[in-house]
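# Understanding the architecture of this molecule
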Amino acid sequence: MVVTEVLPQVEITDDMSSEEKLKILKTRYPEFEPLAKDFADLRTKHAELEKAAKAVKAPEDEEAILGPAPAPVIKFRALSAYLGAISMYFMLLSSSQDASGKPCPLPPAQLRAHPVMGSLVKFKKLWETVKDLSVPEPPKEDATKRHESKQHSEAPLSTTKEQ
């Protein structure tokens, strides 16, 4: 048997101090503060990655199109997904109404049971996985191979005619 504690709706009044409001928020929604911090801290990084992803030259041949995306694009997409999930969490938290139609936060149990919570975990893990990706250096050829390659490319093509 599963027992779920249903917390009474807490009314937040205008005469409450910021500290009192924050204490209620932290008690009922402990995930809120770390998510808000991530959202604020990562917005600048998101803007940087957006510029980097837009600066990546689009592939021209089919093989490159079907290959892996460049690191800045992967990182931008992963961070966009994570920030989008955080935005959905904020929207869900703040979009509920009480019986009289007055705005109120979504009850904690309902919010935690929402699929957005799974998305938050999934996309945070994805971002943590790709955030340190770097653009790989192209392999350096040694001088001998470059010289041989240049000789091959300058050599005339010979054709033989079969009789």
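The present account deals with the structure reproduced in this document. (Residues numbered from 1 in each chain as written. Predicted model: local features only at pLDDT ≥ 70, side-chain atom pairs only at ≥ 80, totals over all residues. Heavy atoms only, no water.)

### Some points on helix α6 (residues 115–130)
The condition that has to hold: Every helix listed is a DSSP run of H or I at least four residues long, and every strand listed is a run of E at least two residues long, numbered separately from the N terminus. In this scheme, a helix's expected span is set at 1.5 Å multiplied by one less than its residue total. Think of it in three bands: with a 1.4 Å probe and only protein chains considered, a residue is buried below 20% of the maximum accessible area for its type, exposed above 50%, and partly exposed in between. Note that the arc is computed from the directions linking the helix axis to the C-beta atoms.
Taking 1.5 Å per residue as the helical rise, α6 with its 16 residues ought to reach 22 Å, and the 23 Å between its terminal C-alpha atoms agrees with that figure. All of the buried residues in α6 are Val116, Met117, Leu120, Trp127 and Val130. The buried residues of α6 all sit within an arc of 165° when viewed along its axis, so they share a single face. Residues of α6 that are exposed and point more than 90 degrees away from the buried face comprise Pro115, Lys122, Lys125 and Thr129.

### Concerning the side chain of Glu31
Heads up, the rule is: The term polar contact refers here to a pair of N or O atoms within 3.5 Å; inside protein, the definition further demands a hydrogen-donor-capable atom paired with an acceptor-capable atom, and it admits residues adjacent in sequence only when both atoms are side-chain atoms. We call two residues in contact when some of their heavy atoms are within 4.5 Å.
Topologically, Glu31 is positioned in the loop between α1 (18–28) and α2 (32–55). A residue is classified by how much of its surface remains accessible, and Glu31, at 16% relative accessible area, is buried. Within the structure, Glu31 has its side chain in polar contact with the side chain of Tyr89 (distance 2.7 Å). If near-sequence neighbours (up to four positions away) are discounted, Glu31 is found in contact with Tyr89, Leu111, Arg112 and Met117.

### What about the packing of α2 against α6?
Basically, it comes down to this: Structural elements are reduced to axes, namely lines fitted to C-alpha atoms, with helices fitted over the stretch in contact, and the angle between N-to-C directions of any two is expressed from 0 to 180 degrees. Angles are sorted into four bins: roughly parallel if under 35 degrees, roughly antiparallel if over 145, roughly perpendicular if 65 to 115, and oblique for all others. By the definition used in this description, the sense in which the near helix is turned from the far one sets the handedness, with an anticlockwise turn below a right angle giving left-handed and a clockwise turn giving right-handed. For this classification, the nonpolar set comprises Ala, Val, Leu, Ile, Met, Phe, Trp, Tyr, Cys and Pro, the charged set comprises Asp, Glu, Lys and Arg, and every other residue, Gly included, is treated as polar.
Between α2 and α6, the least distance of the axes is 14 Å, while the angle of their chain directions is 45°. Between α2 and α6, the angle falls in the class oblique. α2 and α6 meet at a crossing whose hand is left-handed. Taken together, the residues of α6 that come into contact with α2 (itself represented by Leu35, Asp38, Leu42, Lys45 and Leu49) are Leu120, Lys124 and Trp127. In the contact of α2 with α6, the residues fall into five nonpolar, no polar and three charged.

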